There are 2 protein chains.
Amino acid sequence: MRYHRTDIVQYAIGVLDQYGLADLSMRRIAAELGVQPSALYHHFVNKQALLAAVADEILARGGRSVEPDSAWDKQILSECRVLRNAMLAYRDGAELISTVRAFGLGVRVPHGELAETIRSAGFDDSFSRAAATTILHFVFGQVSYEQLSLQAHSDGAIDSSVDLPAGDAAYEFSLGLMLIVDGIRMRQPSYER
Amino acid sequence: MRYHRTDIVQYAIGVLDQYGLADLSMRRIAAELGVQPSALYHHFVNKQALLAAVADEILARGGRSVEPDSAWDKQILSECRVLRNAMLAYRDGAELISTVRAFGLGVRVPHGELAETIRSAGFDDSFSRAAATTILHFVFGQVSYEQLSLQAHSDGAIDSSVDLPAGDAAYEFSLGLMLIVDGIRMRQPSYER
DNA sequence: ACCTGAACACCGTTCAAGT
DNA sequence: ACCTGAACACCGTTCAAGT
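Residues numbered from 1 in each chain as written. Chains lettered and ligands numbered in written order. Predicted model: local features only at pLDDT ≥ 70, side-chain atom pairs only at ≥ 80, totals over all residues. Heavy atoms only, no water.

**A few points about the overall build of chain A**
On a plain count of helices and strands, chain A comes out with eight helices and zero strands. Along the chain direction, N to C, the helices and strands of chain A fall in the order α-α-α-α-α-α-α-α. For the C-alpha atoms alone, the extent of chain A along its principal axes is close to 65 × 40 × 25 Å. The 193 residues of chain A split such that 48% are buried. Taking the contacts inside chain A whose residues are at least 6 apart along the sequence as the reference set, 68% of them involve residues at least 24 apart. Looking at chain A as shown, the accessible area adds up to about 9,300 Å², and 49% of this sits on carbon and sulfur atoms. (Helix = DSSP H or I, 4+ residues; strand = E, 2+ residues; numbered from the N terminus. Buried < 20%, exposed > 50% of the residue type's maximum accessible area, 1.4 Å probe, protein only. Contact = heavy atoms within 4.5 Å. Areas by Shrake-Rupley, 256 points an atom, 1.4 Å probe, with all protein chains shown as cover.)

**Some remarks on the domain arrangement of chain A**
Residue and element names in this part refer to chain A. Once the domains are mapped, chain A shows domain 1 (5-57) and domain 2 (64-186). With centres defined by C-alpha atoms, the gap from domain 1 to domain 2 works out at 25 Å. In this assembly, 14 residues from domain 1 lie in contact with 14 residues from domain 2. Buried area between domain 1 and domain 2, both sides added, is near 1,200 Å², and the carbon and sulfur share of it is 66%. For the pair domain 1 and domain 2, the interface holds one salt bridge. Put simply, Arg108 and Asp56 hold a salt bridge, and the shortest N to O gap is 3.6 Å. Counting across the interface, domain 1 meets domain 2 through four residue pairs in polar contact (both at pLDDT 80 or more). Those elements that place two or more of their residues in the side of domain 1 that touches domain 2 are α1 (5-19) and α3 (47-61). Sorting elements by how many residues they give to the side of domain 1 that touches domain 2 places α3 first, with seven residues. Along the lines of polarity and charge, the residues of the side of domain 1 that touches domain 2 split into nine nonpolar, three polar and two charged. (Domains from an automatic or database assignment. Buried area = accessible area lost by both parts, 1.4 Å probe. Salt bridge = Lys/Arg side-chain N within 4 Å of Asp/Glu carboxyl O. Polar contact = N/O pair within 3.5 Å; in protein donor to acceptor, adjacent residues only side chain to side chain. Nonpolar A, V, L, I, M, F, W, Y, C, P; charged D, E, K, R; others polar.)

**Brief notes about the packing of aromatic side chains**
Residue and element names in this part refer to chain A. As enumerated under the stated definition, the model contains six aromatic pairs over all chains in all. Between Phe138 and Phe173, the ring centres sit 6.1 Å apart and the planes meet at 25 degrees, which makes this aromatic pair stacked. Here Phe173 lies in helix α8 (residues 169-185) and Phe138 lies in helix α7 (residues 125-154), a separation of 35 residues in the sequence. Of the two residues, Phe138 and Phe173, both sit in the buried class. (Phe/Tyr/Trp six-rings, centres within 6.5 Å; stacked < 30°, edge-to-face > 60°.)

**Things to note about the protein's contact with DNA strand D**
Taken together, 18 residues sit near DNA strand D, with Gln36, Ser38, His42 and His43 of chain A together with Arg27 of chain B positioned nearest. The share of sugar and phosphate among atoms of DNA strand D within 4 Å of the protein is 52%. One of the side-chain nitrogen or oxygen atoms of Ser25 of chain B is found 3.2 Å away from a phosphate oxygen of DNA strand D. Here the residues of the surface near DNA strand D sort into six nonpolar, eight polar and four charged. (Near = heavy atom within 4 Å.)

**Digging into the relation of the copies chain B and chain A**
The transformation that overlays chain B on chain A combines an axial shift of 0.0 Å with a rotation of 180 degrees, and the residual RMSD is 0.0 Å. On the angle and the small slide along the axis, the relation comes out as a two-fold axis. (Least-squares fit on C-alpha atoms with pLDDT ≥ 70 in both.)

**Re the interface of chain B and chain A**
The partner chain A presents 34 residues to the 34 residues of chain B that form the contact. Carbon and sulfur atoms supply 64% of the area that chain B and chain A bury against each other, a total of about 3,100 Å² over both sides. At the junction of chain B and chain A, the tally comes to two salt bridges. The shortest N-O distance in the salt bridge between Asp182 of chain B and Arg187 of chain A comes to 2.5 Å. Viewed at the interface, chain A and chain B are joined by four residue pairs in polar contact (both at pLDDT 80 or more). The set of elements that each furnish at least two residues to the side of chain B that touches chain A consists of α5 (93-102), α7 (125-154) and α8 (169-185) of chain B. For the side of chain B that touches chain A, the element with the most residues is α7 of chain B, which contributes ten residues. Grouping the constituent residues of the side of chain B that touches chain A by class yields 18 nonpolar, eight polar and eight charged.

**Examining helix α4 (residues 72-88) of chain B**
With 17 residues, α4 of chain B extends 24 Å between its outermost C-alpha atoms, agreeing within 8% with the 24 Å of an ideal straight helix rising 1.5 Å per residue. Buried positions along α4 of chain B lie against α3 (47-61), α5, α6 (111-119), α7 and α8 of chain B. (Expected span 1.5 Å × (residues − 1).)

**What to know about the protein's contact with DNA strand C**
Around DNA strand C, the surrounding shell holds 18 residues, and the nearest of these are Arg27 of chain A together with Gln36, Ser38, His42 and His43 of chain B. Separating a phosphate oxygen of DNA strand C from a backbone N or O atom of Met26 of chain A is a distance of 3.0 Å. One of the backbone nitrogen or oxygen atoms of Gln36 of chain B is found 2.7 Å away from a phosphate oxygen of DNA strand C. Considering only residue class, the surface near DNA strand C consists of six nonpolar, eight polar and four charged.

**Here we look at the pattern of salt bridges**
When charged atoms on two side chains of opposite charge get close, those side chains can pair. Taken as a whole and assessed by the stated rule, the structure comprises 18 salt bridges over all chains. Of the charged contacts, one joins Glu116 of chain A and Arg119 of chain A as a salt bridge, the two residues approaching to 2.2 Å between their closest N and O atoms. Here Glu116 of chain A and its partner Arg119 of chain A are both found in helix α6 (residues 111-119), three residues apart, which amounts to about one turn of the helix. With relative accessibility at 40%, the residue Glu116 of chain A sits in the partly exposed group. Taking the shortest distance from any N to any O, the salt bridge between Glu146 of chain B and Arg84 of chain B comes out at 2.5 Å. Within this pair, whereas Glu146 of chain B is found in helix α7, its partner Arg84 of chain B is found in helix α4, the two being separated by 62 residues in sequence. Under the relative-accessibility criterion, Glu146 of chain B is labelled buried at 5%.

The following block contains the structure:
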């Protein structure tokens, strides 16, 4: 059997979802494909590049938010919800995306869309980009934590004395996002009371 | 030579600062101590526990914010600045703390203080905790990213086509924090215009 | 209480060679 | 173009045994 980059990414997503990020090794992916580990290096320069491709595919599968012509704040909430769902759809999805970003690799995270949406509310480029970054930091942190506590409840592997969020995750997500969006709105030139 | 937990943590911080988180291995710490790797397991059940201790020590060295009796929002900014400085003081400090948190281990992160400060502004427990969590997600994400781009500029190891923040990190930090704090303030029962 | 020495079951990556 | 086979230089962790 001969494979392409895309086949490998599909299998890798399967491994991720079944075994988790900690067990997403080159050797395991290779084994799953019925191939020698070294074969993967014909398709990806290294493991980081493979993980980046997996991260991009997970985000791509989540789709894009298309709120026709609703208000900028509704649009942001919608874009973030799509992003959150994309990550929640696979085991350790948020951790994977965070990890790839921590490598300094480019992941097709919707920073541009968010910044554009904010700019459409009348902000300049520099502010819009910074605000979009703020939103993304929150989203990745929140969803990673959310996914961690999901896992903590399913297996017993996590120290229960720490007790994680526990509160309604979807609520916490909306609340945090709303705080940031409100903070942005307050800075609109046209903002009154 | 015989060591205690605390000695090992000191050496581990040295290894972290010199070689980075990726090279902070049990074997390297042991080598630095002039001891067999297995010796470390007499002091820590596993690597995660050792990393958690290192994370706690780094945060402890950062100290605590003591803004006598200034306004709640100033207090929050101060607490976050202290936290940021603590992480920036060591190579990969923010990544380390994020990693330990991702394990589901308890790190002595100032969540309680932040929540208490917010509660002092007149919010209920549930909201205060959620808002504190929002702030921390932002802070860890932001400072990790900040530290990544510091590293990207010092070595050439990071894909320069991705080009990271580039903007003034301290400014971005303050801005993001301010957005969240403003969002919180807007929800104060006593808030007017 | 603290450590050694040896082993086990893994990693990511390289490289010559095959088809 | 895609893969094998073998090797290299690492990991974290366990465990019997030493002092």
